[in-house]
Amino acid sequence: MSKRTISRRTLLRGAGAALGLPWLEAMMPARATAAEMSKGGAPVRMAALYVPNGMHEPTWTPKLKGAGSEWELSEGLLPLTEFKPYLNVFTNLWNQGSKSGDGHYVKLSGWLTSTTISKTLGVDISCNGVSMDQMAARAAGKATPFPSLELAVTPVTTGVDRNVGYTRIYGSHIAWAGPTQPLAREINPRSVFERLFRATTGQSLDTAEQDQMLLDRVLDDAKELRGQLGKADQHRMDEYLTVVRSLEARLARASAPEQSNWKPRVALDESAKPAGIPKDFPEHVRLMLDMMALSFQTDSTRVCTFMFGNEVTNQSFRFLDGVGGGHHDSSHHQNNEEKLRDYFRISQWHVQQFAYLLEKLKGMKEGDSTVLDNSMLLFGAGIRDGNKHDPHNLPLVLAGKAGGRLRTDQHLMYGPDSPLANVFVSMLDAFGAPVERFADSTGPAAGLLNS
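Just so it is clear, the model here is predicted, and its values are computed rather than measured. (Residues numbered from 1 in each chain as written. Predicted model: local features only at pLDDT ≥ 70, side-chain atom pairs only at ≥ 80, totals over all residues. Heavy atoms only, no water.)

1. Regarding the environment of Tyr-86
Here Tyr-86 lies in the loop between strand S5 (71-72) and strand S6 (87-94). For Tyr-86, a relative accessible area of 11% corresponds to the buried category. When the C-alpha atoms of Tyr-86 and Thr-408 are compared, they prove to be 5.3 Å apart, with 322 residues separating the residues in sequence. Among residues more than four places away in sequence, those in contact with Tyr-86 are Lys-362, Leu-372, Asp-373, Leu-398, Ala-399, Gly-400, Lys-401 and Thr-408. (Helix = DSSP H or I, 4+ residues; strand = E, 2+ residues; numbered from the N terminus. Buried < 20%, exposed > 50% of the residue type's maximum accessible area, 1.4 Å probe, protein only. Contact = heavy atoms within 4.5 Å.)

Structure representation (structure tokens):
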């Protein structure tokens, strides 16, 4: 297997920094068999990825194919074709707690809690529960540097939406440590990268150290460790360090303007300087998904949430061919053909990003399995159709096998208005944090868990 056994918490060290390692065979007990490696050598991870403003309803629901349980992906889910063996697509789930209240906020803030948020215009917010991801974090948090990571791409929205009578803060949070404790989200990929991989002495790095990439600072230690590993682990190390190098370079490019010989034709007025640097939205999203993948690969955390945007976001999607409007405007399509076309393309783009993440996780080997095999990732929205604000029959996909604990390649159709909380009960069981009941659950979701 390898020349030595090392701890799962081993770090590469150098010059006031440390870098976590991916899963290696050398982290298994010396007498472990191949079967033991694939069965119990890797932890189970859990993620929830939220899409605001619902999905394009006509192209979402999978179709039955022939007799029995055979099914095929719908047009809206076609980007997930390669991952069909890893999927569970659900029909007829909802959060009963979201039926009260107008608009979007009740649907989003109660998505992972299966509760009804308190209506308020001020700071006295309450979701009246704990989110499912934080139940998992409490069970596994001591095993990793971070109990959970909360990621997003847009700042928290403040102010009041007087159209529906809710503070807009509710539109920015799906992770709740307690009824009045929404968890802060990190929106800067560089900051996430530093949190995950830059363990310093507790003092701020000086400019010279900041200018030197992390990988360069731990390279000597990496070379020394590599020489003590077996061939399979050496390959994993090389692959992992290549990914880290690529990410550092991408982050550096994203935070610094490109140098060229261009000069302005007229002087700029310094007082017109924008408050922030504009970011490329698709690249921002993918960098955050990369951070999630690396946090799982290194076992820096086993629980993560990600928001593609705050609820009611009107993010421009003009970078997609033919799309002319913002997200929220398109979701309120009123059956207008042009808006419906934009809404479909925006919805499918989100599915494509989910496929991107699954591809990353599938490429991360862990013994005879992959990080995707050992994960479960919930993807979807708290509203089925943005035009109707419909909380019934939510658009939801669960990907990954949770280390073999989940059945997959299924379109699970339940009775109308079955509790989404039943899926949460099953996910917590598969994660190793079983509960008898969660919110309005009636038991585990039928057909989801392997017996």
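2. A look at the side chain of His-333
As for its position among the elements, His-333 is in the loop between helix H9 (327-331) and helix H10 (337-362). A relative accessible area of 4% places His-333 in the buried class. A polar side-chain atom of His-333 sits 2.9 Å from the main-chain amide nitrogen of Asn-335. Contact partners of His-333, with chain neighbours within four places excluded, come to Lys-339, Leu-340, Tyr-343, Asp-385 and Asn-387. (Polar contact = N/O pair within 3.5 Å; in protein donor to acceptor, adjacent residues only side chain to side chain.)

3. Describing the nonpolar core
Core analysis: the largest hydrophobic core is formed by 67 residues, its most contacted members being Leu-49, Leu-80, Met-292, Phe-306 and Leu-377. Setting aside chain neighbours within four positions, we find Leu-49 in contact with Trp-111, Leu-289, Met-292, Phe-306, Phe-308, Phe-354, Leu-357, Leu-377, Leu-378, Phe-379 and Gly-380. By size, the runner-up hydrophobic cluster in this structure holds 39 residues, among which are Tyr-50, Leu-108, Ala-140 and Tyr-414. (Core = buried A, V, L, I, M, F, W, Y, C linked by side-chain atoms within 4.5 Å.)

4. Looking at the packing of aromatic side chains
Applying the stated criterion across every chain yields a total of 14 aromatic pairs. An angle of 40° between the planes, with centres 5.2 Å apart, marks the rings of Phe-317 and Phe-319 as tilted. For Phe-317, a relative accessible area of 1% corresponds to the buried category. Between Phe-319 and Trp-349 the ring centres are 5.6 Å apart and the planes differ by 65°, which places this aromatic pair in the edge-to-face class. Pair noted here: Phe-319 is in the loop between strand S12 (303-307) and H9 and Trp-349 is in helix H10, with a separation of 30 residues, a long-range link. For Phe-319, a relative accessible area of 34% translates into the label partly exposed. (Phe/Tyr/Trp six-rings, centres within 6.5 Å; stacked < 30°, edge-to-face > 60°.)

5. Remarks on the packing of helix H3 (residues 132-140) against helix H11 (residues 421-431)
Geometrically, a packed helix pair is captured by the angle between its two axes and the distance between the axes. Where H3 contacts H11, the axes come no closer than 10 Å and their chain directions differ by 15°. Looking at the two axes, H3 sits roughly parallel to H11. Handedness of the crossing formed by H3 with H11: right-handed. Within the contact between the two elements, H3 uses Met-132, Met-135, Ala-136 and Ala-140 and H11 uses Phe-424, Met-427, Leu-428 and Phe-431. Along the lines of polarity and charge, the residues of the contact of H3 with H11 split into eight nonpolar, no polar and no charged. (Axes fitted to C-alpha atoms, helices over the stretch in contact; angles between N-to-C directions. Parallel < 35°, antiparallel > 145°, perpendicular 65-115°, else oblique. Left-handed = near helix turned anticlockwise from the far one by under 90°. Nonpolar A, V, L, I, M, F, W, Y, C, P; charged D, E, K, R; others polar.)

6. A short note on the sheet that holds strand S7 (residues 149-152)
Working definition: the strands of a sheet are paired by backbone hydrogen bonds and lie parallel or antiparallel to each other. One open sheet holds the seven strands; their spatial order is S7-S12-S3-S15-S16-S6-S17, and the pairing between them is mixed. The open sheet is flanked by S7 and strand S17 (410-419), the only strands paired with a single partner. Here the strands of the sheet are splayed against their neighbours by 15° on average, with no regard to which way each runs. In this sheet, strand S16 (residues 396-399) lies alongside S6 in antiparallel orientation, the contact comprising four bridges. Bridge pairing links Asn-88 to Leu-398 in S16. Packing against the sheet, H3 makes contact with strand S3 (45-50), S7 and S12, and its axis sits at approximately 155° to S12. (Pairing = 2+ DSSP bridges.)

7. Let's talk about the pairing of S3
Within S3, six of the six residues are buried, leaving the element largely enclosed by the surrounding structure. By the alternation rule, side chains of S3 split into Arg-45, Ala-47 and Leu-49 and Met-46, Ala-48 and Tyr-50, which are all buried. As judged from the six bridges shared by S3 and strand S15 (residues 375-380), these two strands associate in the parallel manner. By the bridge assignment for S15, Leu-49 is matched with Phe-379.

8. Considerations on H10
In a regular helix each residue adds 1.5 Å, so 26 residues correspond to 38 Å; H10 covers 37 Å between its end C-alpha atoms and thus fits that length. Where H10 begins, one side-chain oxygen reaches toward the backbone nitrogen of Glu-338, 3.0 Å away; that side chain belongs to Asn-336. (Expected span 1.5 Å × (residues − 1).)

9. What about helix H6 (residues 214-226)?
A rise of 1.5 Å per residue sets the reference length of H6, with its 13 residues, at 18 Å; its end C-alpha atoms lie 17 Å apart and thus fit the reference within 8%. Where H6 bends most, at Asp-220, the angle is about 45°. Among the residues of H6, those classed as buried are Leu-214, Leu-215, Arg-217, Val-218, Ala-222 and Leu-225. (Bend = angle between axes of the 7 residues up to and from the residue.)

10. Some points on the pattern of salt bridges
One pass over the full model with this rule turns up eight salt bridges. Note that Glu-57 and Lys-388 form a salt bridge whose closest N and O atoms lie 3.1 Å from each other. Linking Glu-57 in the loop between S3 and strand S4 (63-64) with Lys-388 in the loop between S15 and S16, this pair joins segments that are 331 residues apart in sequence. The class for Glu-57 is partly exposed, based on a relative accessible area of 24%. The shortest N-O distance in the salt bridge between Asp-161 and Arg-168 comes to 3.8 Å. Accessibility expressed as a relative area gives 9% for Asp-161, which makes it buried. Assessed through its relative accessible area of 26%, Arg-168 is described here as partly exposed. (Salt bridge = Lys/Arg side-chain N within 4 Å of Asp/Glu carboxyl O.)

11. A look at unusual backbone geometry
For Gln-334, which is not a glycine, the phi torsion comes out positive at approximately 50°. Its place among the elements puts Gln-334 in the loop between H9 and H10. If you check the backbone angles, Asp-409 has positive phi at about 60° while not being a glycine. Its place among the elements puts Asp-409 in the loop between S16 and S17.

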